[in-house]
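Chain by chain, the residues:
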Amino acid sequence: MTFTARHLLGIEPLHPVEITTVLDLAEHYVDLNRSSVKHSDVLAGLTQINMFFEASTRTQASFELAGKRLGADVMNMAMASSSLKKGETLIDTALTLNAMHPDLLVVRHPASGAVNLLAEKVNCAVLNAGDGRHEHPTQALLDALTIRRAKGRLHRLTVAICGDIAHSRVARSNLILLGKMENRVRLIGPPTLMPAGVAEFGCEVFDDMRAGLEGADVVMMLRLQRERMDGGFIPSEREYYHRFGLDAEKLGYAKPDAIVMHPGPMNRGVEIDGTIADDINRSVIQEQVEMGVAVRMAAMDLLARNLRKDR
Ligand code: NCD
């Protein structure tokens, strides 16, 4: 097993071998989660604290379940976004928590870079559960596992990521991971929702679904991140759906066996047609949720091993 990191702050610092190590171990946890007794004690005696400074349904539930299935003592701290302050307050919170001797700290924060900052101040393993528009590493890992299981490989695939790329940490972590594993990544969306400097990641950029989806093996749809927009980025939801919403006709441009993904939460009728999302022959959206628990178990297991070595 090759996984030397102390924290999981992003995909950027990971080596392809480390990515494969997480995915291989996660396969083992998929089996455990499908068995009748879903329990292991690899994190027994360890304390996991979940700190979500931003709303979350599936990611928080997934991390909580992952920790509990591995036998950790799990605590959820509800950090209301209204009481959220930056700078010293975040660091003070970190120091307070650190004094309680947690072993694993799972953090989501609306500011890009906040989780990295926090990791410098504590002596436990920190997992980034999404920071601003920067990274969401466990999402990219669960997406990678879902793709690998559906396609039988995680290299030389054409993956189209569509929608609000500019505000999406999911897109960013995914394009870094898919690039490291030697896939071809296409970004599709209106120019107003494309980040600056996207060319440096070696992706192809399209503002037309037909051209962008042609020959794609994987179609990954993203939500419009309205909470991160501070102006008119799109004309209207109706027009957006017409041009970029995934329906049967647009999906027809991709390969006949292309899979459809979405990290959730979904806005049916805005970026995706409900019948496509529910089509069990094409959509792997529920499988992504299942893989999420397994990948988080694997990530926390590996970080805990490194933690024990350090102590
Ligand atoms: C994503 C997130 O929070 O970045 N959701 C998730 O983790 N399941 C994507 C989103 O909010 O649209």
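Here's what I pulled together on the structure shown here.

Quick notes on the rules
Residues numbered from 1 in each chain as written. Predicted model: local features only at pLDDT ≥ 70, side-chain atom pairs only at ≥ 80, totals over all residues. Heavy atoms only, no water. Helix = DSSP H or I, 4+ residues; strand = E, 2+ residues; numbered from the N terminus. Buried < 20%, exposed > 50% of the residue type's maximum accessible area, 1.4 Å probe, protein only. Contact = heavy atoms within 4.5 Å. Near = heavy atom within 4 Å. Polar contact = N/O pair within 3.5 Å; in protein donor to acceptor, adjacent residues only side chain to side chain. Areas by Shrake-Rupley, 256 points an atom, 1.4 Å probe, with all protein chains shown as cover. 1 Å grid on protein atoms, 1.4 Å probe; cavity = no way out; pocket = protein on both sides within 12 Å on 5 of 7 lines; lining within 4 Å. Sits in = over half its atoms within 2 Å of the grid points. Nonpolar A, V, L, I, M, F, W, Y, C, P; charged D, E, K, R; others polar. Pairing = 2+ DSSP bridges. Axes fitted to C-alpha atoms, helices over the stretch in contact; angles between N-to-C directions. Lys, Arg positive; Asp, Glu negative; His and termini not counted. Salt bridge = Lys/Arg side-chain N within 4 Å of Asp/Glu carboxyl O. Core = buried A, V, L, I, M, F, W, Y, C linked by side-chain atoms within 4.5 Å. Phe/Tyr/Trp six-rings, centres within 6.5 Å; stacked < 30°, edge-to-face > 60°. Lys NZ or Arg CZ within 6 Å of the ring centre and 35° of its normal. Right-handed = clockwise from strand over helix to strand, strands pointing away.

Quick look at the environment of Ala114
(1) Moving on: With respect to the secondary-structure elements, Ala114 resides in helix α4 (residues 114-121).
(2) Moving on: Among the residues examined, Ala114 registers a relative accessible area of 6% and is labelled buried.
(3) Moving on: With 20 residues separating them in the primary sequence, Ala114 and His134 have C-alpha atoms 9.7 Å apart.
(4) Moving on: Discounting chain neighbours no more than four positions away, the residues touching Ala114 are Leu90, His109 and Asp131.

Details of the site of the ligand
(1) Moving on: Near the ligand the following residues occur: Arg58, Thr59, Arg108, His136, Gln139, Arg169, Val170, Arg223, Gln225, Pro263, Gly264 and Pro265.
(2) Moving on: With respect to the ligand, the side chain of Thr59 contributes an N or O atom lying 3.0 Å from an oxygen atom.
(3) Moving on: A total of 310 Å² of accessible area belongs to the ligand in isolation, and the protein chains cover 93% of it.
(4) Moving on: More than half of the atoms of the ligand fall within 2 Å of the grid points belonging to the largest pocket.
(5) Moving on: Elements represented by at least two residues in the shell around the ligand include exactly α2 (58-69) and α6 (169-180).
(6) Moving on: Here the residues of the shell around the ligand sort into 3 nonpolar, 5 polar and 4 charged.

Considering the sheet that holds strand β4 (residues 125-131)
(1) Moving on: Read across the sheet, 4 strands follow the order β2-β1-β3-β4 without closing on themselves; strand pairing throughout is parallel. Since the sheet does not close on itself, it has two edges, and those belong to β2 (73-78) and β4, each with one partner. Across the sheet, the mean angle separating the axes of adjacent strands is 15 degrees when strand polarity is ignored.
(2) Moving on: Pairing of strand β1 (residues 47-52) with β2, which is carried by 6 bridges, proceeds in the parallel orientation. By the bridge assignment for β2, Ile49 is matched with Met75.

What to know about the side chain of Glu135
(1) Moving on: The topology assignment puts Glu135 in the loop between β4 and α5 (137-151).
(2) Moving on: Buried and without a salt bridge, Glu135 has Arg172 as its closest oppositely charged side chain, separated by 4.4 Å.
(3) Moving on: Within the structure, Glu135 has its side chain in polar contact with the backbone nitrogen of Glu12 (distance 3.1 Å).
(4) Moving on: In terms of polar contacts, Glu135 uses its side chain to reach the side chain of Ser173, at 2.6 Å.
(5) Moving on: Setting aside chain neighbours within four positions, we find Glu135 in contact with Leu9, Gly10, Ile11, Glu12, Asn128, Gly130, Arg169, Arg172, Ser173 and Ile176.

Brief notes about the sheet that holds strand β6 (residues 184-188)
(1) Moving on: Across the sheet, 5 strands lie side by side as β7-β6-β5-β8-β9; this open sheet has parallel pairing. Every other strand in the sheet has two partners, leaving β7 (204-206) and β9 (259-261) as the edge strands with one partner each. Across the sheet, the mean angle from the axis of one strand to that of its neighbour is 20 degrees, orientation sign disregarded.
(2) Moving on: Relative to strand β8 (residues 218-221), strand β5 (residues 158-162) runs parallel, the two sharing 4 bridges. Among the inter-strand pairings, Ala160 is bridged to a residue of β8, identified as Val219.

Structural notes on the nonpolar core
Considering soluble globular proteins, one finds that nonpolar side chains tend to be buried as a cluster.
(1) Moving on: Among the nonpolar cores identified, the biggest contains 66 residues, and Leu127, Leu141, Ile161, Leu177 and Leu187 are the most heavily contacted of them.
(2) Moving on: The biggest single contributor to this core is helix α11 (residues 285-310), with 12 residues.
(3) Moving on: In contact with Leu141, other than residues within four places in its own chain, are Leu8, Ile11, Ile19, Val22, Leu23, Leu177 and Val295.

Section: the packing of aromatic side chains
(1) Moving on: Summed over the entire model, instances satisfying the criterion amount to 1 aromatic pair.
(2) Moving on: Seen in terms of ring centroids, Tyr240 and Phe244 are 5.5 Å apart; in terms of plane orientation they differ by 35 degrees. Their pairing is tilted. Here Tyr240 pairs with Phe244, and both are found in helix α8 (residues 237-244), just 4 residues apart, close to one helical turn. Exposure class is identical for Tyr240 and Phe244. Each is buried.
(3) Moving on: The lysine or arginine in question, Lys250, covers the ring of Tyr241, its NZ or CZ lying 5.8 Å from the ring centre.

Digging into the pairing of β1
Within a regular beta strand, the side chains point alternately toward one face of the sheet and then the other, so they alternate between its two faces.
(1) Moving on: Among the 6 residues that make up β1, 5 are buried, leaving the element largely enclosed by the rest of the structure.
(2) Moving on: Handedness of the crossover joining β1 and β2 through α2 is recorded here as right-handed.
(3) Moving on: Inspection of the sheet shows β1 paired to strand β3 (residues 104-109) by 5 bridges, in the parallel sense. Considered in β3, the bridge of Phe52 is made with Arg108.

Brief notes about the side chain of Thr93
(1) Moving on: Mapped onto the elements, Thr93 comes out in helix α3 (residues 88-98).
(2) Moving on: Accessibility expressed as a relative area gives 18% for Thr93, which makes it buried.
(3) Moving on: Residues within four places of Thr93 in sequence aside, it is in contact with Met51 and Met79.

Spatial relationships are all this shows, so hold off on functional conclusions.
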